[in-house]
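Remarks on the overall topology
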Amino acid sequence: AQSVTQPDIHITVSEGASLELRCNYSYGATPYLFWYVQSPGQGLQLLLKYFSGDTLVQGIKGFEAEFKRSQSSFNLRKPSVHWSDAAEYFCAVAPNQAGTALIFGKGTTLSVSS
Amino acid sequence: EPEVTQTPSHQVTQMGQEVILRCVPISNHLYFYWYRQILGQKVEFLVSFYNNEISEKSEIFDDQFSVERPDGSNFTLKIRSTKLEDSAMYFCASNLGQGGITEAFFGQGTRLTVV
């Protein structure tokens, strides 16, 4: 069965420091991969996605993620975190068919200290 | 920018009552979904809907749940007899589903509180 693991429940970084959020997936083939962000009381906003091609993908708000097939990972990075980045981050996967449902990880809560 | 809209934003209901959560997906999208997020837990898939029928559903989506697209714009989730454990944030999403690979767009959610 497909699954997504986000090993870090809560991360705190200083404003201006770099960030890496980890995501590992379990799936027989290369799935579609996504990162969503959820601010308190808000819905889910797509940060970036990977379907194929270049394994380093750029997203909104200065985020990027790298797909590593050998490690079944899709880690999210940002070189310099801003206080407004404090939120819940979800990694998600979907089988590589149009329209199939997403499977989410448990999420990582990011706190930003000044 | 087109968006998925959900109403109401918050609903409180008594245990055993029926609730209907409403969603207006993005107009040219073909796939529609409901997900739920129990407080402090991950987002869980409930059901997907395509071509006027359920295309996929999870174990959570039992006989207490139903979905409907009553007209050309709305997509609803009905819970027939609510239980305390149905308290959660319910997210609607839609996906274009054609013309290349597309992603799901989520609404702001409906917080359902069963008392």
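A short tour of the structure in this document, coming up. (Residues numbered from 1 in each chain as written. Chains lettered and ligands numbered in written order. Predicted model: local features only at pLDDT ≥ 70, side-chain atom pairs only at ≥ 80, totals over all residues. Heavy atoms only, no water.)

Describing the interface of chain B and chain A
Using the following cut-off: In what follows, residue pairs with any heavy atoms lying within 4.5 Å of each other are defined as contacts. Buried area is understood as the total, over both parts, of accessible area removed when two parts are fitted together, assessed with a 1.4 Å probe. We count a salt bridge whenever a side-chain nitrogen from Lys or Arg sits within 4 Å of a carboxyl oxygen from Asp or Glu. Definition of a polar contact: a pair of N or O atoms within 3.5 Å, with one able to donate and the other able to accept a hydrogen when the atoms are protein atoms, and with sequence-neighbouring residues admitted only if both atoms are side-chain atoms. Helix and strand definitions follow DSSP, with helices as H or I runs of at least four residues and strands as E runs of at least two, each counted in order from the N terminus. Only Asp, Glu, Lys and Arg are considered charged, only Ala, Val, Leu, Ile, Met, Phe, Trp, Tyr, Cys and Pro nonpolar, and every remaining residue, Gly among them, polar.
Contacts between the two partners involve 18 residues from chain B and, on the opposite side, 19 residues from chain A. For the pair chain B and chain A, the summed buried surface comes to about 1600 Å²; carbon and sulfur atoms form 59% of the total. For the pair chain B and chain A, the interface holds one salt bridge. A salt bridge links Lys49(A) to Glu103(B); the shortest N-O distance between them is 3.2 Å. In this structure, the connection of chain B to chain A is made through eight residue pairs in polar contact (both at pLDDT 80 or more). Contributing elements (two or more residues each) for the side of chain B that touches chain A: strand E4 (31-37), strand E5 (43-50), strand E9 (88-95) and strand E10 (104-106) of chain B. Per-element tally for the side of chain B that touches chain A: the top contributor is E4(B), with four residues. Its residues assigned to classes, the side of chain B that touches chain A shows nine nonpolar, six polar and three charged.

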